[in-house]
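So you can see what is in the structure, the chains are spelled out below.
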Amino acid sequence: MKVGIVAQKGNSRAAYLAADMCEALAAVDVEAVVDDATAEELDVTGVPVEAFDACDLVVSIGGDGTFLYAARGANGVPILGVNLGEVGFLNAVSPDDAIDEVLSAVSAFREGTPSVREVPRIVARGDDWEMDPSMNEVVVHGPRRGHGGGAGLEVRVDGSLYSGGHADGVLVTTPAGSTAYNLSEGGPLVHPGVDGLVVTEMAAREGMPSLVVPLDATVTVTVTDADSAVVVGDGRTRRTVSTPTEIRIEQSDSSVRLAGPTADFFEALGKLD
């Protein structure tokens, strides 16, 4: 069995826990690898996070940002999240319990009884391009945000017009992402047990309220009255497209698979500022 470990970049506590985890895994005859950034912190040999799809299990040590980074490399491999005292909606395991939980997950995988659940991701597409899947949100905005920026935006759900006018942008968010960028833009909190997507306009002049739509809905954002449009996935992947343009956002065929215990959503809410 092979386990990939990603520690929060620049966090020595996360790196040292990763080192201890590697030793514990080696003791039960499991190959452990760390990503390049963690390897640099520990002065060992690492592998690109994109190679983690060759693992049987991936462990993310840090916050939700670290988890999202690990998920991009895992590409469907189950991920167990260790929370280092942050909000931790995706990371259910405490540092004190981390090694025991990982060893328990390894035993379950070996016995053929892993505890794995799926979390949806979404993807943005144009006529001749497609973004990588996003676990939290896809943002569509004009060439820049703020005074004098924005664009003409039209939002449709399964072809039906929902809103239109000038705005900084539009957020389409999964339940997992409702506590992130969506919340800062005035969107609602959504329990992870809800099968839906949230559509939230950003600084709209005459916008509509946030809207929760079915998980299998297609949200279409048409951008006009701007030199270009920018599409951003999970704050990490970015694409600039010419306008006018139509961008379709819908559930991806590729979900994220979570291993280990489930985080207490309401306990995590208590850590929000």
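Not measured: the values here are computed from a predicted model.

## Describing the overall build of the chain
Across its full length, the chain holds six helices and 17 strands. Relative to the 2.2 N^0.38 estimate, which gives 19 Å for 273 residues, the radius of gyration of the chain is 20 Å and therefore close to what a compact globule would have. For the chain, the spread of C-alpha atoms along the three principal axes comes to 60 × 35 × 35 Å. Counting over 273 residues, the chain shows a buried share of 51%. Carbon and sulfur atoms provide 45% of the accessible area of the chain, an area that totals close to 12300 Å². The chain carries 18 positive and 42 negative side-chain charges, and their two centres are separated by 5 Å.

## Topic: the sheet that holds strand β15 (residues 237–242)
Sheet architecture is open: six strands sit in the order β12-β11-β10-β7-β14-β15, paired in antiparallel fashion. Each edge of the sheet is formed by a strand with only one pairing partner; in this case those strands are β12 (211–214) and β15. Taking each pair of neighbouring strands and ignoring which way they run, the sheet shows an average axis angle of 20 degrees. Of the strand pairs in this sheet, strand β14 (residues 228–233) and β15 are connected by six bridges, and their pairing is antiparallel. Looking at β15, one finds that S228 is bridged to S242.

## Re the packing of aromatic side chains
Here the distance between the centres and the angle between the planes together describe a pair of aromatic rings. Inspection of every chain in the model, using the stated rule, returns one aromatic pair. Relative to F266, the ring of F265 has its centre 5.3 Å away and its plane inclined at 80 degrees; by these criteria the two rings are edge-to-face.

## Comments concerning the layout of surface pockets
Reported here for the largest pocket is a volume of approximately 530 Å³. Taken together, 30 residues form the lining of the largest pocket, with V119, A176, P192, G193 and L258 sitting closest to its centre. At three residues, the largest contribution of residues to the lining of the largest pocket is made by strand β5 (residues 116–119). In terms of residue class, the lining of the largest pocket is built from 15 nonpolar, 12 polar and three charged. No fewer than three residues from each of domain 1 (1–113) and domain 2 (119–253) sit in the lining of the largest pocket.

## Let's talk about unusual backbone geometry
Look at the link from T243 to P244: it is a cis peptide, with omega at -5 degrees. Mapped onto the secondary structure, P244 falls in the loop between β15 and β16 (245–251). You will see that D29, though not glycine, has its phi angle at about 65 degrees, which is positive. Along the polypeptide, D29 turns up in the loop between α1 (12–27) and β2 (31–34). On the basis of relative accessible area, D29 is assigned to the exposed category, the value being 65%.

## Some words on the domain arrangement of the chain
Once the domains are mapped, the chain shows domain 1 (1–113) and domain 2 (119–253). Computed from C-alpha atoms alone, the centre-to-centre distance between domain 1 and domain 2 is 31 Å. With eight residues of domain 1 in contact, the opposing surface of domain 2 contributes 12 residues. Taken together, the two surfaces of domain 1 and domain 2 that pack against each other cover about 810 Å², and 56% of this comes from carbon and sulfur. If you look at where domain 1 meets domain 2, you find one salt bridge.

What counts as what
Residues numbered from 1 in each chain as written. Predicted model: local features only at pLDDT ≥ 70, side-chain atom pairs only at ≥ 80, totals over all residues. Heavy atoms only, no water. Helix = DSSP H or I, 4+ residues; strand = E, 2+ residues; numbered from the N terminus. Rg over C-alpha atoms; globule rule 2.2 N^0.38 Å. Buried < 20%, exposed > 50% of the residue type's maximum accessible area, 1.4 Å probe, protein only. Areas by Shrake-Rupley, 256 points an atom, 1.4 Å probe, with all protein chains shown as cover. Lys, Arg positive; Asp, Glu negative; His and termini not counted. Charge placed at Lys NZ, Arg CZ, Asp CG, Glu CD. Pairing = 2+ DSSP bridges. Axes fitted to C-alpha atoms, helices over the stretch in contact; angles between N-to-C directions. Phe/Tyr/Trp six-rings, centres within 6.5 Å; stacked < 30°, edge-to-face > 60°. 1 Å grid on protein atoms, 1.4 Å probe; cavity = no way out; pocket = protein on both sides within 12 Å on 5 of 7 lines; lining within 4 Å. Points joined across faces, edges and corners; volume = space filled by probe spheres on them. Nonpolar A, V, L, I, M, F, W, Y, C, P; charged D, E, K, R; others polar. Domains from an automatic or database assignment. Contact = heavy atoms within 4.5 Å. Buried area = accessible area lost by both parts, 1.4 Å probe. Salt bridge = Lys/Arg side-chain N within 4 Å of Asp/Glu carboxyl O.

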